[in-house]
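Structure at a glance
Single-letter residue listing:
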Amino acid sequence: MFDRLSSLVIALTLVAVAAIFAGLAGGDALTITLLAAAGAAAAAIVHAAVPGAPPDFDGGTGAPEPEAPPPSLLRHPDFARWADQEREPLIGTADNVVTIANDAAVRLLGRHIVGADIRTAIRHPAATEGLAAADGASPPSPIDLVDFPRSGQRWTLRIAELSGGDRIIFLSDRSAIDAADRMRSDFVANASHELRTPLAAILGYVETLHDLTGETDVPTRRRFLSIIEREARRMQQLVIDLLSISRVEADRFRRPTTPVDLAAIVRTTIAQLQDSEEARPKDIVALPGDTAVPVLGDEAQLAQLVHNIISNALKYGRAGTPVTVELIPEEGRVRLLVSDEGDGIAPDHLPRLTERFYRVDEARSRSVGGTGLGLAIVKHIAERHRGQLDIASEPGKGTRVSVVFPLAA
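Report follows, based on the coordinates. (Residues numbered from 1 in each chain as written. Predicted model: local features only at pLDDT ≥ 70, side-chain atom pairs only at ≥ 80, totals over all residues. Heavy atoms only, no water.)

Quick notes on the overall build of the chain
For the chain, the helix and strand inventory stands at twelve helices and twelve strands. Split into buried and exposed, the 409 residues of the chain put 35% on the buried side. The long-range fraction of contacts in the chain, counting pairs at least 24 apart against all pairs at least 6 apart in sequence, stands at 58%. Surface summary for the chain: the accessible area is close to 24,400 Å², and the carbon and sulfur share equals 57%. (Helix = DSSP H or I, 4+ residues; strand = E, 2+ residues; numbered from the N terminus. Buried < 20%, exposed > 50% of the residue type's maximum accessible area, 1.4 Å probe, protein only. Contact = heavy atoms within 4.5 Å. Areas by Shrake-Rupley, 256 points an atom, 1.4 Å probe, with all protein chains shown as cover.)

Quick word on the nonpolar core
Ranked by size, the top nonpolar core spans 43 residues in total, and within it L262, L305 and I310 carry the most contacts. Sorting the residues of this core by element identifies α8 (218-250), α9 (262-275), α10 (299-316), β9 (323-330), β10 (333-339), α12 (374-384) and β12 (398-406) as the ones contributing at least two each. Examining the composition of this core, we find that seven residues originate from one element, α10, more than from any other. Those residues in contact with L262 that lie beyond four places of it in its chain are V293, V295, L302, L327, V334 and F405. Core analysis: the second largest hydrophobic core is formed by 21 residues, A105, I122, A127 and L171 among them. (Core = buried A, V, L, I, M, F, W, Y, C linked by side-chain atoms within 4.5 Å.)

With respect to the layout of surface pockets
When its volume is computed, the second largest pocket comes out at roughly 550 Å³. In terms of lining residues, the second largest pocket is bounded by 20 residues, among which M183, R184, F187, E355 and R356 are the most central. Broken down by secondary-structure element, the contributors of at least two residues to the lining of the second largest pocket are α7 (175-211) and α12. The leading source of residues in the lining of the second largest pocket is α7, at six residues. (1 Å grid on protein atoms, 1.4 Å probe; cavity = no way out; pocket = protein on both sides within 12 Å on 5 of 7 lines; lining within 4 Å. Points joined across faces, edges and corners; volume = space filled by probe spheres on them.)

Looking at the pattern of salt bridges
One pass over the full model with this rule turns up 16 salt bridges. Of the charged contacts in the structure, one is a salt bridge between E330 and R335, with a shortest N-O distance of 2.7 Å. When its relative accessible area of 25% is taken as the criterion, E330 is described as partly exposed. Its relative accessible area of 24% is what places R335 among the partly exposed residues. (Salt bridge = Lys/Arg side-chain N within 4 Å of Asp/Glu carboxyl O.)

With respect to the sheet that holds β10
Spatial strand order, β7-β9-β10-β12-β11: five strands in an open sheet with mixed pairing. Two strands lie at the open edges of the sheet, namely β7 (284-287) and β11 (388-394), each paired on one side alone. Averaged over neighbouring strand pairs, the angle between their axes works out to 15° when direction is ignored. With seven bridges joining them, β11 and β12 adopt antiparallel strand pairing. By the bridge assignment for β12, S393 is matched with T399. (Pairing = 2+ DSSP bridges. Axes fitted to C-alpha atoms, helices over the stretch in contact; angles between N-to-C directions.)

A look at the sheet that holds strand β4 (residues 154-161)
Judged by pairing direction, the sheet is antiparallel, and its five strands sit side by side in the order β2-β1-β5-β4-β3 without closing on themselves. Edge positions in the open sheet fall to β2 (97-101) and β3 (143-146), since each of these has one partner strand only. Here the strands of the sheet are splayed against their neighbours by 30° on average, with no regard to which way each runs. Relative to strand β5 (residues 166-173), β4 is paired through seven bridges, and the arrangement is antiparallel. Pairing of R158 across the sheet is with F170, part of β5. Helix α6 (residues 125-133) contacts β3, β4 and β5 of the sheet and is inclined by roughly 160° relative to β3.

With respect to the environment of T371
Its location among the elements puts T371 in the loop between α11 (362-367) and α12. What makes T371 buried here is its relative accessible area of 7%. Note: C-alpha distance between T371 and V239 (132 residues apart in sequence) is 9.5 Å. Ignoring sequence-local partners within four residues, the contact set of T371 consists of Q237, L238, D241, F357 and R359.

Notes on the pairing of β3
Judged by which residues are buried, β3 turns out to be one-sided: I143 and L145 face inward and are buried, whereas D144 and V146, on the alternate face, are not. Bridging between β3 and β4 involves four bridges; their strand directions are antiparallel. The partner of L145 across the bridge, within β4, is W155.

Digging into the packing of α8 against α12
Two elements in contact, α8 and α12, have axes whose closest approach is 9 Å; the angle formed by their N-to-C orientations is 20°. The orientation of α8 with respect to α12, classified from their angle, is roughly parallel. For the pair α8 and α12, the crossing hand works out as left-handed. For the pair α8 and α12, the contacting residues are D241, S244, I245, V248 and E249 in the first and A376, I377, H380 and I381 in the second. (Parallel < 35°, antiparallel > 145°, perpendicular 65-115°, else oblique. Left-handed = near helix turned anticlockwise from the far one by under 90°.)

Considering the environment of I377
Among the secondary structure elements, I377 is positioned in helix α12. Judged by its relative accessible area of 0%, I377 falls in the buried class. Put simply, I377 and N308 are 69 residues apart on the chain and 8.3 Å apart in space, counted from C-alpha to C-alpha. Leave out the neighbours within four places in its chain, and I377 touches D241, S244, I245, Q304 and N308.

Note that all results are geometric; they support no functional claim without further evidence.
See the structure below:
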């Protein structure tokens, strides 16, 4: 396509060429004039017919045409598809109105939030204040939503500013992390308390021993030394249990692959308890059976599990009553069952028995040498071996602790 100037030059050139050829052909002056006039008219028609170049400016005012606004990310179909694949709540807003909410956000806040103002959709004072203060000039800091959406939970809100007043709101659940932090803090505090109590007793009796003199203080000295020995052994057992639970937790994601005989482990552990200085060794009634019970497991950890369950039954059962240890075969599984005829445990205590340092009766637990970690270790060992721990008790009648293990194929 030629512009008007090029078309005019070409047309005039053709007219001149036509006139020259007419003259060479011997035409008279009238013929040449008519040809020239026709060529000029043709040039004028061509000049009028050919469109001109598009103007660079709008209306000749010199102002550039306004640029079209960029397309909104929130309205792109792929964005909605990606948002629904996110596991955590994600909300898109345009001028503070919710235009898109993924499935996680709908489950958390309800489907009614789409079309609502984001400051009312997330009903939390910190969210309202943070969303109102965000100006888009700088990346806003995460906003903590304490007790949201229910008491005891905590979420964080992050804002991503887009062009055209659009925003993407991200919500993250921090409740589990806070619970883990509290558990860690409680563990350190409880461990420190458990170690400090016997240590204070040891130091107190040692200071008293330094002041004792003469033969008349020999019985007192022996009594104090026995107390020191008992408290030191208690500290030693606490350190052993702390190391045990640390090792079990470190291995909890590694499933055992070595076949072991659970019946042999039970028989060996019972024999060790009966030969030890544990109270009531003769009260153990062993019914493990004579056949092998193959399971995939860590022999040392399974022995510790059996030892802890039987020891608890011996400590808290009534003297002179049997502590029965059974291995009951089930379809594709085997159940280790330890039952006693003690005072039993109230129902409200049962869900917390496997918590670290939790005791139903602290005074009695310390008097029998308990550290509060025995059943916590049992729980972790059972979970590592894909076992199911169950504790059933009836006040005044006794307690039954069972762990069901899958048999080795």
